[in-house]
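Commentary on secondary and tertiary structure
As a plain string of letters, each chain reads:
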Amino acid sequence: MPELPEVEVSRQGIAPFLTGATIKQVIVREPRMRWPVPDSIQEACAQVIERVERRAKYILLRTQVGSIILHLGMSGNLRVLPVGSEVQKHDHIDIVLNSGQLLRLHDPRRFGACLWVKGEPELHPLLAKLGPEPLTTDFSDETLFERSRGRKTAVKQFIMDNANVVGVGNIYANESLFRSGIHPKRAAGNISKARYQILTEHIKTVLAEAITQGGTTLKDFTKADGKPGYFVQQLAVYGRAGLPCTHCGNTLQEIRLGQRSTVFCAQCQR
């Protein structure tokens, strides 16, 4: 599933083509997405896209009267193409612009979304209860520490909970905990504030590095320009179960937490 860096890379890729453009038409070939594409999406026509933003894994195309909310689901991607480009299988939605280009949502599994909301999109039920963005000042070790008090849940699941901080998906939770030297099964409430300070900084660093390097290439993901990301080359633990730890040489172990693969070094992470 595309995680926050992949979504941010997509946002950065499409923003220059969409910002300031007028939506001429919204073509919906397949409305049966994760949530049905509403008929009200047509209200976006004739509106100028003022900003292209991201909230968690949602991309927001903001206009004066409302916003289109896009989600890539498990296998979706966004491409900017010339109007009239050949339609391929699973090309479900086109947002046609007055520039002669269009934004196309391609989603083989149809777990993505294309929604329309009037007014402030932050009030939409999908966004209203989200936690702080990890790369902003709203996310701090103090916030994470306070939210963790009394929590017995494993710290990996705790930082993957969007109510605590958004966008720390499985890959980046593995990597951040490894860099921080924290065992993924440790109870969130038993971790000191000093260690949360270290973890917070590593979460920020890992995500920022992934965005800079183009996102992590997954099976179904490419950037908006069709080029893959390269952060996968820098992964220290994710996908490396049974291989030597890059720090101590100990064999990396793999367990399941919350039905997700979790790889760690029992020597380096306590």
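Every value quoted in this text rests on a predicted model; they were computed, and no experiment measured them. (Residues numbered from 1 in each chain as written. Predicted model: local features only at pLDDT ≥ 70, side-chain atom pairs only at ≥ 80, totals over all residues. Heavy atoms only, no water.)

With that out of the way, let us pick up the environment of A187. Following the sequence through the fold, A187 ends up in the loop between α4 (170–180) and α5 (193–212). Using a relative accessible area of 17% as the deciding quantity, one classes A187 as buried. Separated by 90 residues in the primary sequence, A187 and L97 place their C-alpha atoms 50 Å from one another. (Helix = DSSP H or I, 4+ residues; strand = E, 2+ residues; numbered from the N terminus. Buried < 20%, exposed > 50% of the residue type's maximum accessible area, 1.4 Å probe, protein only.)

A few words now on the state of the cysteines. Here the structure, examined in full by the defined rule, presents zero disulfides. Looking at C245, it has no disulfide partner, and the nearest cysteine sulfur is the one in C265, 3.8 Å off. Between C265, a cysteine without a disulfide, and C248, which holds the nearest cysteine sulfur, the sulfur-to-sulfur distance is 3.5 Å. (Disulfide = S-S within 2.5 Å.)

Time to look at the side chain of E133. Structurally, E133 can be placed in the loop between β8 (113–118) and α2 (141–148). In this structure the side chain of E133 is engaged in a polar contact, spanning 3.0 Å, whose partner is the side chain of R55. Other than its neighbours up to four places away in sequence, E133 contacts L4, R54, R55, A56, F139 and V166. (Polar contact = N/O pair within 3.5 Å; in protein donor to acceptor, adjacent residues only side chain to side chain. Contact = heavy atoms within 4.5 Å.)

Enumeration according to the criterion identifies 15 salt bridges in this entry. Between E8 and R54 there is a salt bridge, and its shortest N-O distance comes to 2.8 Å. Here R54 lies in strand β2 (residues 51–55) and E8 lies in helix α1 (residues 4–18), a separation of 46 residues in the sequence. Residue R62 is joined to E122 by a salt bridge in which the shortest nitrogen-to-oxygen separation is 2.3 Å. Of this pair, R62 sits in strand β3 (residues 58–62) while E122 sits in the loop between β8 and α2, and the two are 60 residues apart along the sequence. What emerges from the salt-bridge pattern is a single network uniting E8, R11, R54, R55 and E133. (Salt bridge = Lys/Arg side-chain N within 4 Å of Asp/Glu carboxyl O.)

Turning our attention to the nonpolar core. Nonpolar side chains in soluble globular proteins generally cluster together in the buried interior. One finds I14, L18, L61, I68 and L103 to be the most contacted residues of the largest nonpolar core, which totals 28 residues. For this core, the elements supplying multiple residues, two or more each, are α1, β1 (23–28), β3, β4 (66–71), β5 (77–82), β6 (91–97), β7 (101–106) and β8. The element that contributes the greatest number of residues to this core is α1, accounting for four residues. In this structure L61 touches L18, I49, R51, V52, G66, S67, I68, L70, I95 and L103, once residues within four positions along its chain are discounted. (Core = buried A, V, L, I, M, F, W, Y, C linked by side-chain atoms within 4.5 Å.)

Quick look at the sheet that holds β7 now. Strand order in this open sheet of four strands is β1-β6-β7-β5, and the pairing throughout is antiparallel. The open sheet has two edge strands with one neighbour each: β1 and β5. Averaged over all pairs of adjacent strands, the angle between strand axes in this sheet comes to 20 degrees, irrespective of strand direction. With six bridges connecting them, β5 and β7 associate as antiparallel partners. (Pairing = 2+ DSSP bridges. Axes fitted to C-alpha atoms, helices over the stretch in contact; angles between N-to-C directions.)

Shape descriptors only; they carry no functional weight alone.
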